[in-house]
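Fold and contact review
Spelled out, the chains give:
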Amino acid sequence: MSSNYRILAVASDEIQTQLRLFFRLLARTVKIEFISSGNITVEELSDSDLLLLVDPQRNFTSQEFTQIIEFLSNSGRLWCILSEDSAKKSNVNFLLEQYSIIVNSDTVIQRAHIEYLHPKESTISLKKSKLSTDLNSFAFAYGSTLTVQEPAFSIVNTDIACYPSERPVFACNTQVGKGVVLVTGSTAMFSSKLFDKEKNRDLASSLFAALVLPDEEMKQWFNDLKVPFKDYFHTPTSSLYAAEPLPKFTNVSKLPDVKLNRLNHIMDQKLFKFDLSLVPESLKLFKNLNLEVENLTLIPPQFEMKLPKLSPAVFPPQLAGLKGPPLDLFDLDEEWSTPDIRLAQLCNKCKDKDDDIGFFVGEAANITGINSELPQDQRSIKDILYHVGKTVFQYKCFDQDNFAAFMRNAEGGV
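Residues numbered from 1 in each chain as written. Predicted model: local features only at pLDDT ≥ 70, side-chain atom pairs only at ≥ 80, totals over all residues. Heavy atoms only, no water.

**Quick word on the overall build of the protein**
The following threshold applies: Secondary structure counts use DSSP, requiring at least four H or I residues in a row for a helix and at least two E residues in a row for a strand, with both numbered from the N terminus. A simple rule labels every residue: compare its accessible area, found with a 1.4 Å probe on the protein chains alone, to the largest value its type can have, and call it buried under 20%, exposed over 50%, or partly exposed in between. What makes two residues a contact is simply this: any of their non-hydrogen atoms within 4.5 Å. To be clear on the numbers: accessible area is Shrake-Rupley with a 1.4 Å probe, and residue cover counts the displayed protein chains and nothing else.
The helix and strand inventory of the protein stands at 15 helices and 13 strands. Counting only residues that meet the buried cut, the protein has 35% of its 414 residues in that class. Sequence separation of at least 24 residues holds for 63% of the intrachain contacts in the protein that already meet a minimum separation of 6. Carbon and sulfur atoms make up 56% of the accessible area of the protein, which totals about 27,900 Å².

The following block contains the structure:
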């Protein structure tokens, strides 16, 4: 490998942080330049030997695709490290389909708990792979399968413990001029969390070591890793078959010899279909019986009793009632007693107590309503006694008409 070997990595800042151990492994022997934002330029590609597209999150322009294709035709190497969302968040498939590789929108899951708890984190065995014998298995997480057609080929497939089974997750195309295209279906497998699990570090080292080989040796190395893979197997809709009133296998003494992926061909759907295939025969029957074919008409409904009057489907609010008065805070006998009884009770309280004369006069004025007839500033004991004496004198006076003048003269002379 030349000391001037240079890698151009297109990865966001977040991906650079998650894959720091992976990039650190590459940076030990070669120089890496990152593009976290912005477009890929011709100058950057012309100075690079390997282009890394790591989990792209944007759509590439047609000019960028043209530059990448020209880069590959001039001995360039392309390594696409994708994820389960790459087909949705980026148009990278427009580039890869020109090299007979497409990343699918599915997700690889493990059928049973083997090593990891999350179903999207699985362990893939390399027993059928032609990689180094030291690589027994590797961790594959949050990735998708690849659709591969010739001249591209698969180099690593999922095993029977995963679903989809025996489908490509690493694919390569060596018939790209002088270059090569390598596609990986998972980005998380090279993250710091899984990079040292299983044999992920050794797998990344082997692939990178092959990408820096001379052209002929590199292509021969990848061609030797070619492995066959199986087509997609879609399980039958067992819930739909179970909902039918009769079993599909009727009058079958022995099931035909058919592959599992052709299981739907031995299902009889004619007994349970709903269509208009019998309408022409029904119309011919009218003609044979000399009956007139009439169009269907709507039969108006007839109600035996009138429908009730519509009313809003609401209910009046349930308002809480007012609380009762706190009767325990009042002296009911005192509040409901007549003025005579209250005066008698007051008299009993102040009996034989000379010091309570002022209290007696004031409370008696409140009970009899005298205070309500006096101003606020004239409710002393003297004013109350004056008002009582004045009222008694007025009551006993024979000349009621001259009483007011008499009182004015009397007050003036006082």
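**With respect to the pattern of salt bridges**
Cut-off, in case you're wondering: What makes a salt bridge here is a side-chain nitrogen of Lys or Arg within 4 Å of a carboxyl oxygen of Asp or Glu, nothing more.
If you walk through the whole model with that rule in mind, you get seven salt bridges. Between R58 and E64 there is a salt bridge, with its nearest N and O atoms 3.0 Å apart. Note that K230 is salt-bridged to E166, the shortest N-O span being 3.6 Å. Here E166 lies in the loop between strand 11 (162-163) and strand 12 (168-176) and K230 lies in the loop between helix 8 (215-223) and helix 9 (238-242), a separation of 64 residues in the sequence. Residue K230 is classed as partly exposed on the basis of its relative accessible area, which comes to 48%. Assessed through its relative accessible area of 17%, E166 is described here as buried.

**So, the pairing of strand 13 (residues 179-184)**
Working note: regular strand, side chains alternate between the two faces of the sheet. As a reminder, the rule being used: When DSSP finds two or more bridges between a pair of strands, those strands are recorded as paired.
The element strand 13 is extensively covered by neighbouring structure, given that six of its six residues are classed as buried. The two faces of strand 13 match: G179, V181 and V183 on one face and V180, L182 and T184 on the other face are all buried. Judged from the five bridges that link them, strand 12 and strand 13 form a sheet pairing that is antiparallel. Across the sheet, C172 pairs through a bridge with L182, a residue of strand 13. Counting the residues between successive antiparallel strands, the hairpin from strand 12 to strand 13 contains two residues, one of them, G177, with a positive phi of roughly 60°.

**Points about the packing of aromatic side chains**
Given two aromatic rings, one states the distance between the centres and the angle between the planes to describe the pair. Applicable threshold: Stacked, edge-to-face and tilted labels apply to pairs of Phe, Tyr and Trp rings (six-membered ring for Trp) whose centres lie within 6.5 Å, assigned for plane angles under 30 degrees, over 60, and everything in between, in that order.
As enumerated under the stated definition, the model contains ten aromatic pairs in all. Ring centres of F23 and F34 lie 4.9 Å apart, and the angle between their planes is 85°; on these two criteria the pair is classed as edge-to-face. Of this pair, F23 sits in helix 2 (residues 20-27) while F34 is found in strand 2 (residues 31-35), placing the two residues eleven residues apart along the sequence. With a relative accessible area of 5%, F23 lands in the buried category. Summarising the aromatic geometry, the rings of W221 and F222 are spaced 5.1 Å apart at their centres and angled 90° between planes, so their arrangement reads as edge-to-face. On the basis of relative accessible area, W221 is assigned to the partly exposed category, the value being 26%. The structure contains a cluster of three or more aromatic residues connected by ring pairs, namely F22, F23, F34, W79, F190 and F195.

**Thoughts on unusual backbone geometry**
E150 connects to P151 through a cis peptide bond whose omega is 15°. Its place among the elements puts P151 in the loop between strand 9 (146-148) and strand 10 (153-157). The omega torsion across Y163 and P164 is 0°, close enough to zero to call that bond cis. Among the secondary structure elements, P164 is positioned in the loop between strand 11 and strand 12. A positive phi angle, close to 70°, is found at S75, a residue other than glycine. Residue placement: S75 occurs in the loop between helix 4 (62-73) and strand 4 (77-81).

**Digging into a nonpolar patch on the surface**
For clarity, the cut-off: Note that patches include only residues with greater than 30% relative accessible area and no salt bridge, and the join distances are 9 Å for like charges and 5 Å for nonpolar side chains (Val, Leu, Ile, Met, Phe, Trp, Tyr).
A surface patch of nonpolar side chains, about 750 Å² in accessible area, is lined by L276, V279, L283, L285, F286, L289, L291 and V293. Given the relative accessible area of 34%, F286 is considered partly exposed.

**Notes on the sheet that holds strand 13**
Our working rule: A fitted line through C-alpha atoms serves as each axis, taken over the contacting stretch for helices, and the angle formed by two N-to-C directions is quoted from 0 to 180°.
Here we have seven strands laid out as an open sheet, ordered 2-1-3-4-13-12-10, and mixed in their pairing. What marks the edges here is a single partner per strand, and that holds for strand 2 and strand 10. Here the strands of the sheet are splayed against their neighbours by 15° on average, with no regard to which way each runs. Relative to strand 13, strand 4 runs parallel, the two being bridged by five bridges. Within the sheet, the bridge partner assigned to W79 lies in strand 13 and is L182. Each of strand 3 (50-54), strand 4, strand 12 and strand 13 is contacted by helix 4, which is oriented at about 125° to strand 4, the strand it contacts most. Of the strands in this sheet, strand 1 (6-10), strand 3, strand 4, strand 10, strand 12 and strand 13 are in contact with helix 7 (residues 200-211), which crosses strand 4 at around 155°.

**Here we look at the side chain of S86**
Operational definition: Two N or O atoms form a polar contact when they lie within 3.5 Å of each other; inside protein one atom must be a possible hydrogen donor and the other a possible acceptor, and for residues adjacent in sequence the pair counts only when both atoms belong to side chains.
Considering the arrangement of structural elements, one finds S86 in helix 5 (residues 86-89). Residue class for S86 comes out buried when judged on its relative accessible area of 0%. Within polar-contact distance, the side chain of S86 engages the side chain of D55 at 3.4 Å. Here S83 takes part through its backbone nitrogen, which lies 2.8 Å from a polar atom of the side chain of S86. In contact with S86, other than residues within four places in its own chain, are D55 and V92.

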